[in-house]
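Chain and residue survey
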Amino acid sequence: MKSVSENGAFGGEQGVYSHASDVCGCDMTFAVYLPPQAKAAKVPVLWYLSGLTCTHENAMTKAGAQAWASEEGIALVFPDTSPRGKGIADDPAYDLGQGAGFYVNATESPWVPHFRMWDYIVHELPALVFGAFPLDRERQGITGHSMGGHGALTIAMTHPETYGSVSAISPIANPTASDWGRKQFAAYLGPDQAKWRAHDATVLMEERGYPGPVLIDQGAKDQFLNLLRPEALIAAAAARRQPVQFRLIDGYYHSYFYVSSVMEDHVRFHAARLAEA
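First, a word on what this report is: a plain description of the structure on this page. Here the structure is a predicted model, which is why all the values come from computation and not from measurement.

Scoring rules and cut-offs
Residues numbered from 1 in each chain as written. Predicted model: local features only at pLDDT ≥ 70, side-chain atom pairs only at ≥ 80, totals over all residues. Heavy atoms only, no water. Core = buried A, V, L, I, M, F, W, Y, C linked by side-chain atoms within 4.5 Å. Buried < 20%, exposed > 50% of the residue type's maximum accessible area, 1.4 Å probe, protein only. Helix = DSSP H or I, 4+ residues; strand = E, 2+ residues; numbered from the N terminus. Contact = heavy atoms within 4.5 Å. Pairing = 2+ DSSP bridges. Axes fitted to C-alpha atoms, helices over the stretch in contact; angles between N-to-C directions. Parallel < 35°, antiparallel > 145°, perpendicular 65-115°, else oblique. Left-handed = near helix turned anticlockwise from the far one by under 90°. Salt bridge = Lys/Arg side-chain N within 4 Å of Asp/Glu carboxyl O. Expected span 1.5 Å × (residues − 1). Bend = angle between axes of the 7 residues up to and from the residue. Polar contact = N/O pair within 3.5 Å; in protein donor to acceptor, adjacent residues only side chain to side chain.

Let us now look at the nonpolar core. One finds Trp-47, Val-129, Leu-135, Ile-142 and Tyr-188 to be the most contacted residues of the largest nonpolar core, which totals 63 residues. Residue contributions to this core peak at eight residues, all from helix α3 (residues 117-132). In this view, Tyr-188 contacts Leu-96, Gly-97, Ala-100, Gly-101, Phe-102, Val-104, Ala-106, Thr-107, Glu-108, Trp-111 and Phe-115; residues no more than four positions away in its chain are not counted. Listed in part, the 23 residues of the second largest apolar core include Ala-9, Met-60, Ala-69 and Val-262.

Next comes the structure, spelled out in structure tokens:
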């Protein structure tokens, strides 16, 4: 692991790091914010998964999460959204290829050698950060925006024993029924739609739910609302009586202006849940 940059922030430290990823077969970059409480003891950690076209940097610089994380004594990890670099498969479209890993393990050519973001987020990167930073492995939460909200929900519902809290901001909530999902799943996972179901938050909500409350925020003026399909996820949650706080907030779109407007609530939601662990 190499340090790219380190800066003081709200009494803690915001770092950016790179490492050679065996899972993705390339160098990967990620960011970690350590609150001041990490100087004395291990702290809980909140994973933040970003959306289409983003890197580790978008939420790190735009979401304002460090201020609230410092107050709550919770660390933040900002991974990248895909493998990147020369010789790695890509596509001219913004929603496929580099910057659009969709948090799945690709099984189809030309993606399969590098696009293994599920294993990277769930296994490889945690092993690295828990070995390098004073983070409490027993107190992990996960959140994300858009494609990252999709990743956070599907990962948490698949591994509830690992993630003690989950939330999402404007998530791609029903990708098997959306052009933000069907296109990418066909490319990464192949034509067998049965394989797609494990990566659809609405399907997972129908089949298993999550053992605890879930917080989901959605802007009512989101220009991508028809692609996100939050109504499908909420209907599935209601059908199984899953505790979900869903806020459809008027006046907000899909941008980081919205993310930063609700970020305090999400950090405090996770801090409260993880304090009970």
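Here we come to the sheet that holds strand β4 (residues 43-49). Within the open sheet, the nine strands sit side by side as β1-β2-β3-β5-β4-β6-β7-β8-β9. Their pairing is mixed. Both outer strands of the open sheet, β1 (2-9) and β9 (244-249), are each paired with one neighbouring strand and no more. When strand polarity is set aside, the average angle formed by the axes of neighbouring strands in this sheet is 20 degrees. Alignment of β4 against strand β5 (residues 75-79), held across three bridges, turns out to be parallel. Bridge pairing links Trp-47 to Val-77 in β5.

One can describe the packing of helix α2 (residues 65-72) onto helix α9 (residues 256-275) by two numbers: an axis separation of 9 Å at closest approach and a directional angle of 30 degrees. As summarised for this structure, α2 and α9 are arranged roughly parallel, according to the angle between their axes. Relative to α9, α2 is oriented so that their crossing is right-handed. Contact residues: α2 offers Ala-65, Trp-68, Ala-69, Glu-71 and Glu-72, while α9 offers Met-263, Glu-264, Val-267, Arg-268 and Ala-271.

In total, this model carries 12 salt bridges according to the counting rule given. Residue Arg-229 pairs with Glu-231 through a salt bridge whose shortest N-O separation is 3.9 Å. Arg-229 gets classed as partly exposed once you look at its relative accessible area, which sits at 24%. Here Asp-265 and Arg-247 are joined by a salt bridge, their closest N and O atoms 2.9 Å apart. With Asp-265 in helix α9 and Arg-247 in strand β9, the pair connects residues that are 18 residues apart, well separated along the chain. Overall, Asp-265 belongs to the partly exposed group, its relative accessible area being 35%. Given a relative accessible area of 21%, Arg-247 falls into the partly exposed group. Here the salt bridges share partners, and the residues they tie into one network are Glu-71, Glu-72, Glu-264 and Arg-268.

Moving on, we get to the environment of Pro-160. Relative to the helices and strands, Pro-160 is located in the loop between α4 (147-158) and β7 (163-169). What makes Pro-160 partly exposed here is its relative accessible area of 29%. Those residues within four positions of Pro-160 in sequence are excluded, and the remaining contacts are Tyr-210 and Pro-211.

Position of Ser-178 among the secondary structure elements: in the loop between β7 and α5 (179-189). Taking the C-alpha atoms as reference points, Ser-178 and Tyr-17, 161 residues apart in sequence, are found 34 Å from one another. Those residues in contact with Ser-178, other than ones at most four positions away along the chain, are Leu-227 and Arg-229.

Attention shifts here to α9. An α-helix turns once per 3.6 residues; consequently, residues spaced three or four apart project the same way. Taking 1.5 Å as the rise per residue, α9 with 20 residues should run 28 Å; its terminal C-alpha atoms sit 27 Å apart, in good agreement. The largest bend in α9 comes to about 45 degrees, at Val-262. Of the residues flanking the start of α9, the one acting as N-cap is Ser-255, its side-chain oxygen 3.2 Å from the backbone nitrogen of Phe-257.

Attention shifts here to the environment of Ala-59. Counting through the fold element by element, Ala-59 comes out in helix α1 (residues 57-62). Considering only alpha carbons, one finds Ala-59 and Lys-39, 20 residues apart in sequence, at a separation of 23 Å. The residues contacting Ala-59, other than those within four sequence positions of it, are Tyr-48, Ser-50, Gly-64, Phe-78 and Tyr-256.

What follows is about the packing of α3 against α4. Where α3 meets α4, the closest approach of the two axes is 12 Å, and the angle between their N-to-C directions is 60 degrees. Judged on the interaxial angle alone, α4 and α3 are oblique. Viewed along their axes, α3 and α4 form a crossing whose handedness is right-handed. Contacts between α3 and α4 pair Trp-118, Ile-121 and Val-122 from the former with Thr-154, Ile-155 and Thr-158 from the latter.

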